[in-house]
Amino acid sequence: MLSKEQLERYSRQVVLPGIGESGQRRLLEAKVLIVGLGGLGSPVALYLAAAGVGQLVLADFDRVNIPDLQRQIIHRMETVGELKVQSALLALKSLNPAVEVTLLSGQNLEELECALKQVDVIVDCTDNFGARFSLNRMSVYHKKPLVSGAAIRMDGQVTVFDPRDPKSPCYQCLYPEVFAVQDTCQMSGILGSVAGIVGSIQATETLKLLLGIGQTLKGKLLLLNALTMVFREVSVIKDPLCPLCSCQEGFYNP
Ligand SMILES: [Zn+2]
């Protein structure tokens, strides 16, 4: 049973078909890992905490800098210089004190993997291929759904990898490791609200996965161009030669 306070706080989503009190209880019992508390991780963490996801594990090694405030909406002037996970914790606790928040440094892969084993969904809000490939390997190995998002310049993309389904592709099916060329927001720029759109879609996909409602972006890559505001969807198929998800033994090496 939801308490009177919970019913009031979550009333606008409890009335939705497919959620109700049982869906809200699912969210309250859910645990999500958010890796990266930047432009994507900010809206993801805020929306998941606001929706009442019971436990959030936050991982990031970085500190808040002034140029981050243009798009990383969870951070404030007051927390410039602080660790991003600490800054995010303050914001999340003031938004919804009931959410349990665990902080990870994001640099210790063993610690990250240990946390990852305990969660229901992983949200990849990182900004570099190294971290993305590592998270993907762990997601495949531990069969945890991975909500992947990226944003740069005026463009964004979102997809869901769900290794619980043997037909689902993984990040490495989409981006073979050898072809990955790094492009950063520092080099190329980004409009903050574009990161906000992508993060909001990631939060929505995460909530759908937790609730078991609708159809996720599994096997589909959503591409958006904010200049034309055209959204396109392309199929992502499992690569039969993917060294990670198509090989029985796997080459597990996070
Ligand atoms: Zn694969």
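Everything that follows concerns the structure shown earlier in this document.
Since this is a predicted model, take the numbers as computed values, not measurements.

Peer 1: Which parts of the structure should I look at to understand the pattern of salt bridges?
Peer 2: When the charged atoms of two side chains lie near each other, side chains of opposite charge can form a pair. For the coordinates displayed, the defined rule picks out seven salt bridges. Between R71 and D68 there is a salt bridge, with the nearest N and O atoms lying 4.0 Å from each other. Here the two residues R71 and D68 agree in accessibility, since each one is buried. With a shortest N-O distance of 2.6 Å, K208 and E205 are connected by a salt bridge. In this pair, K208 and E205 both sit in helix α10 (residues 192–211), three residues apart, roughly one turn of the helix. A single burial state applies to K208 and to E205, both of which are buried. What emerges from the salt-bridge pattern is a single network uniting D62, D68, R71 and K84.

Peer 1: Looking at this structure, I do not really get the coordination of the zinc ion. What am I missing?
Peer 2: Tetrahedral coordination by four donors puts the ideal angle at the metal at 109.5 degrees, and octahedral coordination by six puts it at 90 or 180 degrees. C170 (SG), C173 (SG), C242 (SG) and C245 (SG) make up the full set of protein donors to the zinc ion, lying at 2.3 Å. Counting the intervening residues between successive donors of the zinc ion yields the motif C-x2-C-x68-C-x2-C. Across the pair, exposure class does not vary: C242 and C245 are buried alike.

Peer 1: I tried to follow helix α7 (residues 129–142) on my own but got confused; where do I start?
Peer 2: An α-helical turn contains 3.6 residues, so any two residues separated by three or four positions project in the same direction. Over its 14 residues, α7 runs 20 Å from end to end, which matches the ideal 20 Å to within 8%, given 1.5 Å per residue. Counting buried residues in α7 gives 11 out of 14 residues, a clear majority hidden from the surface. Next to the buried residues of α7 lie β1 (31–35), α6 (109–117), β4 (121–124), β5 (146–152) and α8 (171–174). Two or three places before G130, at the start of α7, stands the capping residue N128, its side-chain oxygen 3.2 Å from that residue's backbone nitrogen. Of the residues flanking the end of α7, it is K143, one or two places downstream, whose phi is positive at about 55 degrees.

Calculation notes
- Residues numbered from 1 in each chain as written.
- Predicted model: local features only at pLDDT ≥ 70, side-chain atom pairs only at ≥ 80, totals over all residues.
- Heavy atoms only, no water.
- Salt bridge = Lys/Arg side-chain N within 4 Å of Asp/Glu carboxyl O.
- Buried < 20%, exposed > 50% of the residue type's maximum accessible area, 1.4 Å probe, protein only.
- Helix = DSSP H or I, 4+ residues; strand = E, 2+ residues; numbered from the N terminus.
- Donors = N, O, S within 2.8 Å, 3.2 Å for Na, K, Ca; no water.
- Expected span 1.5 Å × (residues − 1).
- Contact = heavy atoms within 4.5 Å.
- Polar contact = N/O pair within 3.5 Å; in protein donor to acceptor, adjacent residues only side chain to side chain.

Honestly, that's just the spatial picture; any functional story needs more than this.
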